[in-house]
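Structural description and commentary
Below, each chain spelled out in residue letters.
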Protein chains: 2
Amino acid sequence: MIDDRKKRVLQAIIEEYINTAEPVSSKAIVENYGLNYSSATIRNEMASLEKSGYLEKTHTSSGRIPSEKGYRLYVDELIKDDDISLEEIKYISSKLETKVNEIEDLTKIATSTISEVTHYTTVSIGPSVSYQIIKEIKFVLLGNRMLMAVILTDTGMVKETIIKFDEDITEKQVETLNYMFNNKLKGEPIEKIDRPLEEYLFDEMTYSVKVIKPIIEQIKKVLAEDETLYLEGANKSFELPEFNSLEVAKNFINILDTKELMSDMLNSGFAQDINVYIGEENEKDELKDFSIVTFKHKVGDKDLGTIGIIGPKRMDYSKVISVMKYVSKKLNEKRDENGE
Amino acid sequence: MIDDRKKRVLQAIIEEYINTAEPVSSKAIVENYGLNYSSATIRNEMASLEKSGYLEKTHTSSGRIPSEKGYRLYVDELIKDDDISLEEIKYISSKLETKVNEIEDLTKIATSTISEVTHYTTVSIGPSVSYQIIKEIKFVLLGNRMLMAVILTDTGMVKETIIKFDEDITEKQVETLNYMFNNKLKGEPIEKIDRPLEEYLFDEMTYSVKVIKPIIEQIKKVLAEDETLYLEGANKSFELPEFNSLEVAKNFINILDTKELMSDMLNSGFAQDINVYIGEENEKDELKDFSIVTFKHKVGDKDLGTIGIIGPKRMDYSKVISVMKYVSKKLNEKRDENGE
DNA sequence: TTTTAGCACTCTTTTAATCAGATTGCTAAT
DNA sequence: ATTAGCAATCTGATTAAAAGAGTGCTAAAA
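Quick summary incoming for the structure in this document. (Residues numbered from 1 in each chain as written. Chains lettered and ligands numbered in written order. Predicted model: local features only at pLDDT ≥ 70, side-chain atom pairs only at ≥ 80, totals over all residues. Heavy atoms only, no water.)

Here we look at the relation of the copies chain B and chain A
The test is simple: Fitting of the copies onto one another was done by least squares over C-alpha atoms, counting residues only where both copies have pLDDT of at least 70. By definition in these notes, contact holds between two residues if any of their heavy atoms fall within 4.5 Å.
The two copies are related by a screw operation: chain B maps onto chain A through 179 degrees of rotation and 0.0 Å of translation along the axis, at an RMSD of 0.1 Å. Both copies of the chain, as the preceding transformation shows, are related through a two-fold rotation axis. A share of 97% of the interface residues of chain B reappears at the interface of chain A, consistent with the copies meeting face to face through the same patch.

Have a look at this one:
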């Protein structure tokens, strides 16, 4: 049905539209994309592509713009996934080579680098805490009435929280806490901090329920907290012509402002390495005018978080996907070195 | 020069303009603000106020809008500073009564509450770290090669950072670190972590320069880091008619996106309790189309950070200032209870 | 059968012109 | 000192006309 020439026409139209943001005419294709046919022939192909649903018109005598179905075909079949220059490769490498003490910092660097290279708004979110395994849990006394709980997970994340008390805590109590919690929780997934465990801990430490209760509460609270979002290049989107519509701009601000939405956006289904959601393919209504491209960076089977780009449906998928692939690869190499 | 009646006219015009965002006509004033004069009289006063620079026209036959000089007079002399309802008082009180473990959480709550009550975009920033006094510094070993440094300051802030090593650290070394650093730094302002101290510490601990050097570097780095910004209600601004101009909206996004700008904005001169910068009064070019209202919340002479509102010059100064005053008062009370 | 030239037709965008409405500034009267 | 009244000015909405871009289709060419 969609023969090779049609695909080439579709590809040309999409690429032209990505560049210009204007409906593409048959003439423009003939002139700039080296298809050796007359504009009339291209027009026929365009009419056919429109009938099959890959193109749309804004009005009867306008040029064509890609439909979501058109973008989908483009992403699935027509894209180049090495659309990345030597300069970009060098830039990304140098950025990612920065030495960091905390794993989250690397995610931040990757996020901002992607935004810089692609010129799109980029977001990242840490891995879902509840699936991680507790490697160590440590209590530290700060002053006499403040306790800091530090939790180390297998993926190298460190979460800490502070609990205040109305009475003094002794070093002895802290020691007991360290012993008890580690003994019971080390090697367990974080979500295990649930009722049975609480009861067990209460039993063992009846002498200080007053102390242990707020601790467990606070730890659970911190771990249940939204993973931290990191946003980079929000303003970049506003340079794009589609954001000249007040309505689109407002929607966009609203999305970035709504943590829940951002979190959903980054955490929706992960079939492939790199996931592309075009317009209506997004589950959330608010996202249906945008495209989202996300990837998880992992080491082994361990999820280290998700990085995503949000932009117009007229997104430079080719560049975005190429950059993401390269960053993903580089991050993995980096992890191996670190031997975490 | 500016007699009482002129002031009443100016006040009426400003309040009307704050409500409607439309140039105000002499008729509107007569009808809604109970000035017992004809529109012709008001027109004369308006002409005079314009000549003195308190009002402006958008074109020859338009109504008047306040000039920056007009807003300034309004803020300095005509404002009510108890423009806050009983419901609002209750709401703010209840919000601020939330029990928190970390001082920063209180700032966050205050920030979002202010944004909710005033309907403006609200920002906060922590106190400048370098002036704070170190109350305690504690090293904690995480695993074998990771050290966490926790710094407690006199204002109740807790900063922590992680340092990774290429070789194992012993508990013994950690003990020494704790002893040395506390001995030397407790009671000192954070900025003291400078060269002389480094040298002293090197002397005392020659046996582990390899360990101590990265520690000092990392601590200095973390303390020098930008104070964390907290932003609430960015989308609220986009409901305002002035943000229907694409240019204004873009500028605004850019401001919110530029940490340096936000930090400058919150940290500029503090003559009064509550500081109002109207348009051109802002030092930074980018802010010259907006108004900023900020206040510091303190306990005693200790700076706990700054909260600020950024909005259009046509801001409801009366409400904003009233709310800030109330929040400021409440926060101080809260601190006293806590006895920090 | 496939491709193309050519042209009528459609729709958008731009420009200009007109008109109704709002508000002021000024003059003369109160 | 205040006000009524009115010409003058400017905006914003509406309409009309013209210019421009691109398509779809027909008939000819390859």
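A few points about the interface of chain B and chain A
As a reminder of what qualifies: In short, buried area is how much 1.4 Å probe accessible area vanishes from two parts on joining, totalled over both. Salt bridges are defined by distance alone: a side-chain nitrogen of Lys or Arg within 4 Å of a carboxyl oxygen of Asp or Glu. Each polar contact in these results corresponds to two N or O atoms within 3.5 Å; when the atoms are within protein, one needs to be able to donate a hydrogen and the other to accept it, and residues that are neighboring in sequence are counted only if both atoms are side-chain atoms. The nonpolar class holds Ala, Val, Leu, Ile, Met, Phe, Trp, Tyr, Cys and Pro. Asp, Glu, Lys and Arg form the charged class, and all remaining residues, Gly among them, are polar.
With 34 residues of chain B at the interface, the matching set in chain A holds 33 residues. Of the roughly 3,100 Å² buried between chain B and chain A on both sides combined, carbon and sulfur atoms contribute 54%. A salt bridge links lysine 138 of chain A to glutamate 171 of chain B; its shortest N-O distance comes to 4.0 Å. Where chain B packs against chain A, one counts 12 residue pairs in polar contact (both at pLDDT 80 or more). When grouped by side-chain class, the residues that make up the side of chain B that touches chain A number 16 nonpolar, 8 polar and 10 charged.

A short note on the pairing of strand β6 (residues 158-164) of chain A
Residue and element names in this part refer to chain A. Spelled out, the test is: The cut-offs for exposure are 20% and 50% of the maximum accessible area for each residue type, with area from a 1.4 Å probe on protein chains only; residues under the lower value are buried, those over the upper are exposed, and the others partly exposed. Per the convention used, a helix needs a DSSP run of H or I reaching at least four residues, while a strand needs a run of E reaching at least two, with both numbered from the N terminus. Think of it this way: DSSP has to see at least two bridges between two strands before they count as a pair.
Within β6, 5 of the 7 residues are buried, which leaves it mostly tucked inside the rest of the structure. Strand direction decides the pairing type here: strand β5 (residues 146-153) and β6, joined by 7 bridges, are antiparallel. Residue leucine 147 lies in a different strand from β6, and its bridge partner there is isoleucine 163. A loop of 4 residues connects β5 with β6, the two strands running antiparallel in sequence, and glycine 156 in this loop sits at a positive phi of about 90 degrees.

As for unusual backbone geometry
Trans is the prevailing form of peptide bonds, just as negative phi is the prevailing case for residues other than glycine. In this model, histidine 119 of chain A sits at a positive phi of 65 degrees, which is unusual for a non-glycine residue. Tracing the backbone through its elements, the reader meets histidine 119 of chain A in the loop between α6 (103-118) and β3 (121-125).

Considering the environment of tyrosine 71 of chain A
With respect to the helices, strands and loops of the structure, tyrosine 71 of chain A is situated in helix α4 (residues 68-78). Remark: the alpha-carbon pair of tyrosine 71 of chain A and alanine 12 of chain A, spanning 59 residues in sequence, is separated by 12 Å.

Points about the packing of aromatic side chains
Quick note on the threshold: Side-chain rings of Phe, Tyr and Trp (the six-membered ring for Trp) are treated as a pair once their centres are within 6.5 Å; stacked means planes under 30 degrees apart, edge-to-face means over 60, and tilted covers the remaining angles.
Summed over all chains, the structure comprises 14 aromatic pairs over all chains. Judged by centre distance (5.8 Å) and plane angle (55 degrees), the ring pair of tyrosine 71 of chain A and tyrosine 317 of chain A falls under tilted. Here the residue tyrosine 71 of chain A occupies a position in helix α4, and tyrosine 317 of chain A occupies one in helix α13 (residues 317-338), the gap between them amounting to 246 residues. Tyrosine 317 of chain A matches tyrosine 71 of chain A in its accessibility class, with the two residues each being buried. Ring plane angle 80 degrees and centroid distance 4.9 Å describe the contact between phenylalanine 243 of chain B and phenylalanine 252 of chain B, whose orientation is recorded as edge-to-face.

What to know about the pattern of salt bridges
Going through the model one piece at a time under the given rule, you end up with 34 salt bridges over all chains. Because the salt bridges share partners, they merge into one network encompassing Asp3, Arg5, Lys6 and Glu45 of chain A.

With respect to the side chain of asparagine 182 of chain A
Along the chain, the position of asparagine 182 of chain A falls in helix α7 (residues 171-185). In contact with asparagine 182 of chain A, other than residues within four places in its own chain, are Glu136, Ile137 and Leu177 of chain A.

Concerning the sheet that holds strand β4 (residues 134-142) of chain A
Residues and elements named next belong to chain A. To keep it simple, the criterion reads: Orientation is described by lines fitted to C-alpha atoms, with helices fitted over the stretch in contact, and by angles between N-to-C directions that extend from 0 to 180 degrees.
The sheet built from 3 strands is open, its strands ordered β4-β5-β6 with antiparallel pairing. Unpaired on one side and paired on the other, β4 and β6 mark the two borders of the sheet. Taken over all neighbouring pairs, the strand axes of this sheet differ in orientation by 15 degrees on average, direction set aside.

A word on helix α1 (residues 4-20) of chain A
All names here are of chain A. The cut-off we apply is this: To estimate how far a helix should extend, the number of its residues minus one is multiplied by 1.5 Å.
Compared with the 24 Å implied by 1.5 Å per residue over 17 residues, the 24 Å span of α1 between its first and last C-alpha is a close match. The complete set of buried residues in α1 reads Lys6, Val9, Leu10, Ala12, Ile13, Ile14, Glu15, Glu16, Tyr17 and Ile18. One side-chain oxygen of the residue at the start of α1 lies 3.1 Å from the amide nitrogen of arginine 5, identifying that residue as aspartate 3. Of the residues trailing α1, alanine 21 is marked for its positive phi of about 65 degrees.

Some words on the protein's contact with DNA strand D
Put simply, the test is: Put simply, a residue is near a molecule or strand once any heavy atom of it comes within 4 Å of that molecule or strand.
In the vicinity of DNA strand D, 20 residues are found, and the nearest of them are Ser26 and Lys57 of chain A together with Thr41, Thr60 and Ser61 of chain B. In the model, a base oxygen of DNA strand D is placed 3.2 Å from a nitrogen or oxygen of the arginine 43 of chain B side chain. Threonine 60 of chain B is positioned with one of its side-chain polar atoms (N or O) 2.8 Å from a sugar or linking oxygen of DNA strand D. Among the elements of the structure, α3 (39-51) of chain A together with α3 (39-51) of chain B are those that each provide at least two residues to the surface near DNA strand D. The leading source of residues in the surface near DNA strand D is α3 of chain B, at 4 residues. Of the residues that constitute the surface near DNA strand D, the class distribution is 4 nonpolar, 11 polar and 5 charged.

Quick notes on the sheet that holds strand β5 (residues 146-153) of chain B
Residue and element names in this part refer to chain B. Overall, antiparallel pairing links the 3 strands, which are arranged β4-β5-β6 in an open sheet. The sheet is open, and its two edges are formed by β4 (134-142) and β6 (158-164), each paired on a single side. Here the strands of the sheet are splayed against their neighbours by 20 degrees on average, with no regard to which way each runs. Across the sheet, helix α7 (residues 171-185) touches β4 and β5, and the angle it forms with β4 is around 170 degrees.

Here we look at the protein's contact with DNA strand C
Residues in contact with DNA strand C amount to 20 residues; listed here are only the nearest, Thr41, Thr60 and Ser61 of chain A together with Ser26 and Lys57 of chain B. Considering DNA strand C, the proportion of its atoms within 4 Å of the protein that are sugar or phosphate atoms stands at 79%. A distance of 3.1 Å is found between a sugar or linking oxygen of DNA strand C and a side-chain nitrogen or oxygen belonging to threonine 60 of chain A. Serine 26 of chain B has a polar side-chain atom sitting 2.7 Å from a phosphate oxygen of DNA strand C. Elements supplying a minimum of two residues to the surface near DNA strand C: α3 of chain A together with α3 of chain B. It is α3 of chain A that provides the largest number of residues to the surface near DNA strand C, a total of 4 residues. Here the residues of the surface near DNA strand C sort into 4 nonpolar, 11 polar and 5 charged.

A few points about the packing of helix α5 (residues 86-96) of chain B against helix α6 (residues 103-118) of chain B
When two helices pack together, their arrangement is given by the angle between the helix axes and the distance between those axes. Residue and element names in this part refer to chain B. Threshold: Here the angle decides the label: under 35 degrees means roughly parallel, over 145 means roughly antiparallel, 65 to 115 means roughly perpendicular, and every other value means oblique. A crossing counts as left-handed when the near helix is turned anticlockwise from the far one by less than a right angle, and as right-handed when that turn is clockwise.
Axis separation between α5 and α6 bottoms out at 9 Å; the angle between their running directions is 160 degrees. When the interaxial angle is binned, α5 and α6 end up roughly antiparallel. Judged by the sense of rotation from one axis to the other, the crossing of α5 with α6 is right-handed. When α5 is examined against α6, the residues Glu88, Tyr91, Ile92, Lys95 and Leu96 are found in contact with a partner set consisting of Leu106, Ile109, Ala110, Thr113, Glu116 and Val117. Looking at the contact of α5 with α6 residue by residue, the class counts come to 7 nonpolar, 1 polar and 3 charged.

Side note on the packing of helix α1 (residues 4-20) of chain B against helix α4 (residues 68-78) of chain B
Residue and element names in this part refer to chain B. Viewed as axis vectors pointing N to C, α1 and α4 meet at an angle of 110 degrees, and their least axial separation amounts to 10 Å. With respect to α4, the axis of α1 lies roughly perpendicular. Contacts between α1 and α4 involve Lys7, Leu10, Gln11, Ile14, Glu15, Tyr17 and Ile18 from the first element and Gly70, Tyr71, Leu73, Tyr74, Glu77 and Leu78 from the second. Residue classes in the contact of α1 with α4 are distributed as 8 nonpolar, 2 polar and 3 charged.

Just distances and angles here, no functional claims.
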